[in-house]
Amino acid sequence: MTVLRVVSYNIHKGRSATGTRESLTALRLGLYNLRPDLLFLQEVQGRNERRSHLDGQHESLAAVLSMQAAYGCNAVRARTDHGNALLSRFPILQYENQDVSDHRMEQRGLLHAVVEINETPVHCLVVHLGLFGGGRSRQVAALVERIKRLVPDDEPVLIAGDFNDWNNRLAPLFVQQLGLYEVFAVAPQAPDPRLLRRLRDMAFRPRALSQTVHELGAHGAARLTPPPRTFPAAFPWLRLDRIYQRGFAVRHAKVLHGMPWRQISDHAPLFAELELP
């Protein structure tokens, strides 16, 4: 059994929540203290010819954290580019970035890497979906198609990133089509008497349950709770970020609120401890 520390974070191109100052130094220190094994990062600048200290952010973070890095460039500008990155303490066997841009105003990609953890291939996908509902649906359809085509059913999968899915409409696709569950829906927690009463009251209303609960797992394994609030970091209100998993046991999951995270980016990071059998 291997215990993995997994972090998903939209780092806002290495700028503070308001974009008025550089935050990479605080980001490096914050991530170093977390001791992550896998980092799913969004809005990472791979190139910045205007400000050299913001250039190659995946490489500088990987160097500080002694991790391997894979970068998927999505948005290309005259003197900058940015995209998604995966950092791993384990060998990255291969990776590919799939363009899933829905229109010219938003360049989006799916970064798919295969990481070897104790001789087990683990498929890690970093996503940052679009701002419009129709585009997100098409991007998730591309993600589902890719996993069904390239990932064997018996191999572990992690999908993490900024889904921009504030109304939580996309979760049924992952649950029903891929058997993936959001980590907060299956992480252990102390029994809540109100939740137990709600489960008891809804036990005889399966239709209402299926219509209102997006994260419920097989045999009630997942809770009736929505994903956590992660945006904006200073006063989290919207539920934008997710970590989905298949093939792991979830030990712990939390949102990193407060200092220093609220000053590093406009998103709050997600942290999870997962067991790989």
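These numbers were taken from a predicted model, which means no experiment stands behind them.

What follows is about the layout of surface pockets. Its volume calculated, the largest pocket comes out at about 240 Å³. Its residues assigned to classes, the lining of the largest pocket shows two nonpolar, seven polar and five charged.

We now examine unusual backbone geometry. A cis geometry characterises the amide bond from phenylalanine 231 onward to proline 232, with omega recorded as -10 degrees. For the bond running from methionine 259 to proline 260, omega is 0 degrees, close enough to zero to count as cis. Mapped onto the elements, proline 260 comes out in the loop between strand E11 (249-255) and helix H8 (261-264). Unusually for a residue other than glycine, glutamate 119 sits at a positive phi of about 70 degrees. Within the fold, glutamate 119 resides in the loop between strand E6 (109-117) and strand E7 (120-128).

For the rest of this paragraph, the subject is the pattern of salt bridges. As enumerated under the stated definition, the model contains seven salt bridges in all. Measuring nitrogen to oxygen at the nearest pair gives 3.2 Å for the salt bridge that ties arginine 5 to glutamate 273. Here arginine 5 is found in strand E1 (residues 2-10), whereas its partner glutamate 273 is found in strand E12 (residues 270-276), with 268 residues between them in sequence. As far as burial versus exposure is concerned, arginine 5 and glutamate 273 are alike and both buried. Among the ionic pairs, arginine 89 bridges to aspartate 37, the shortest N-O distance being 3.8 Å. Here aspartate 37 lies in the loop between helix H1 (24-34) and strand E2 (38-48) and arginine 89 lies in the loop between strand E4 (80-88) and strand E5 (92-99), a separation of 52 residues in the sequence.

What follows concerns the packing of H1 against helix H2 (residues 57-65). Where H1 contacts H2, the two axes come as close as 10 Å, and the packing angle between them is 40 degrees. Here H1 is positioned oblique relative to H2, judged by the angle of their axes. Every pair of crossing elements has a handedness; the one defined by H1 and H2 is right-handed. Facing H1, whose interface residues are Leu24, Leu27, Arg28, Leu31 and Tyr32, H2 presents Gln57, Ser60, Leu61, Val64 and Leu65. For the contact of H1 with H2, a count of residues per class yields seven nonpolar, two polar and one charged.

Spatial strand order, E5-E6-E7-E8-E10-E9: six strands in an open sheet with mixed pairing. The open sheet has two free edges, formed respectively by E5 and strand E9 (181-182), since each of these has just one partner strand. Direction of pairing for E9 relative to strand E10 (residues 241-246): antiparallel, over a ladder of two bridges. Considered in E10, the bridge of tyrosine 181 is made with glutamine 245.

For strand E8 (residues 157-162), the buried fraction is high: six of the six residues fall into the buried class. Direction of pairing for E7 relative to E8: parallel, over a ladder of six bridges. Its bridge partner lying in E8, histidine 123 is registered against valine 157. Considered for its hand, the β-α-β crossover made up of E7, helix H3 (residues 133-150) and E8 is right-handed. Pairing geometry for E8 and E10, over six bridges, is antiparallel. Each bridged residue has a counterpart across the sheet, and for isoleucine 159 the counterpart in E10 is tyrosine 244.

Basis of the calculations
Residues numbered from 1 in each chain as written. Predicted model: local features only at pLDDT ≥ 70, side-chain atom pairs only at ≥ 80, totals over all residues. Heavy atoms only, no water. 1 Å grid on protein atoms, 1.4 Å probe; cavity = no way out; pocket = protein on both sides within 12 Å on 5 of 7 lines; lining within 4 Å. Points joined across faces, edges and corners; volume = space filled by probe spheres on them. Nonpolar A, V, L, I, M, F, W, Y, C, P; charged D, E, K, R; others polar. Helix = DSSP H or I, 4+ residues; strand = E, 2+ residues; numbered from the N terminus. Salt bridge = Lys/Arg side-chain N within 4 Å of Asp/Glu carboxyl O. Buried < 20%, exposed > 50% of the residue type's maximum accessible area, 1.4 Å probe, protein only. Axes fitted to C-alpha atoms, helices over the stretch in contact; angles between N-to-C directions. Parallel < 35°, antiparallel > 145°, perpendicular 65-115°, else oblique. Left-handed = near helix turned anticlockwise from the far one by under 90°. Contact = heavy atoms within 4.5 Å. Pairing = 2+ DSSP bridges. Right-handed = clockwise from strand over helix to strand, strands pointing away.

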